[in-house]
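The lines below spell out each chain.
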Amino acid sequence: VQLQASGGGLVQAGGSLRLSCAVSGRTLSRLDLGWFRQAPGKEREFVAGINWRGSSIYYADSVRGRFTISRDNAKNTVALQMDSLKVEDTATYYCAIDFAFRDDVAISGNYYDYWGQGTLVTVSS
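These remarks concern the structure in this document. (Residues numbered from 1 in each chain as written. Predicted model: local features only at pLDDT ≥ 70, side-chain atom pairs only at ≥ 80, totals over all residues. Heavy atoms only, no water.)

Description of the side chain of Arg-66
Next up, step 1: Summarising the element assignment, Arg-66 is placed in the loop between β6 (57-59) and β7 (67-72).
Next up, step 2: Here Arg-66 falls in the buried class, since its relative accessible area comes to 11%.
Next up, step 3: In contact with Arg-66, not counting residues within four places along its chain, are Gln-81, Met-82, Asp-83, Ser-84, Leu-85, Lys-86 and Asp-89. (Helix = DSSP H or I, 4+ residues; strand = E, 2+ residues; numbered from the N terminus. Buried < 20%, exposed > 50% of the residue type's maximum accessible area, 1.4 Å probe, protein only. Contact = heavy atoms within 4.5 Å.)

Points about the sheet that holds strand β8 (residues 77-82)
Working definition: the strands of a sheet are paired by backbone hydrogen bonds and lie parallel or antiparallel to each other.
Next up, step 1: The four strands lie next to each other as β1-β3-β8-β7, forming an open sheet whose pairing is antiparallel. Each edge of the open sheet carries a strand with a single partner, namely β1 (2-6) and β7. Within this sheet the neighbouring strands show an average axis-to-axis angle of 15°, counted without direction. (Pairing = 2+ DSSP bridges. Axes fitted to C-alpha atoms, helices over the stretch in contact; angles between N-to-C directions.)

Side note on the state of the cysteines
Next up, step 1: According to the stated counting rule, one finds one disulfide in the structure shown.
Next up, step 2: Cys-21 shares a disulfide with Cys-95; S-S distance 2.1 Å. As the torsion about the S-S bond is roughly 60°, the Cys-21-Cys-95 disulfide counts as right-handed. With a gap of 74 residues between them, Cys-21 in strand β3 (residues 17-24) and Cys-95 in strand β9 (residues 91-98) connect regions that are remote in the sequence. The residues Cys-21 and Cys-95 share a single accessibility class, namely buried. (Disulfide = S-S within 2.5 Å.)

Here it is as structure tokens:
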């Protein structure tokens, strides 16, 4: 299984970025998906997740209303649309997959089985 995250970069506060994670080796429609981030000197934190059916989506309080997670099962990709970016959103963002067929969304990284390599998002003031 491989996860390839892309789309990071440098953006001014208030701007937008769209991250994408391509999954190979597994059928996306059978996977629970999550995005996490880790800022320098801080613990990794949950950002957003969507279960395998797409029936449950959950966002961290810090990004709710600004970020949108979506999945394209036909393309085997999961995206994270990030709008109204803030300086505090600066971090390396990771996508992750879970094989649990959840009815909800796991917010602990301990439940995820495979991780992408991360893509850096830098928001300037």
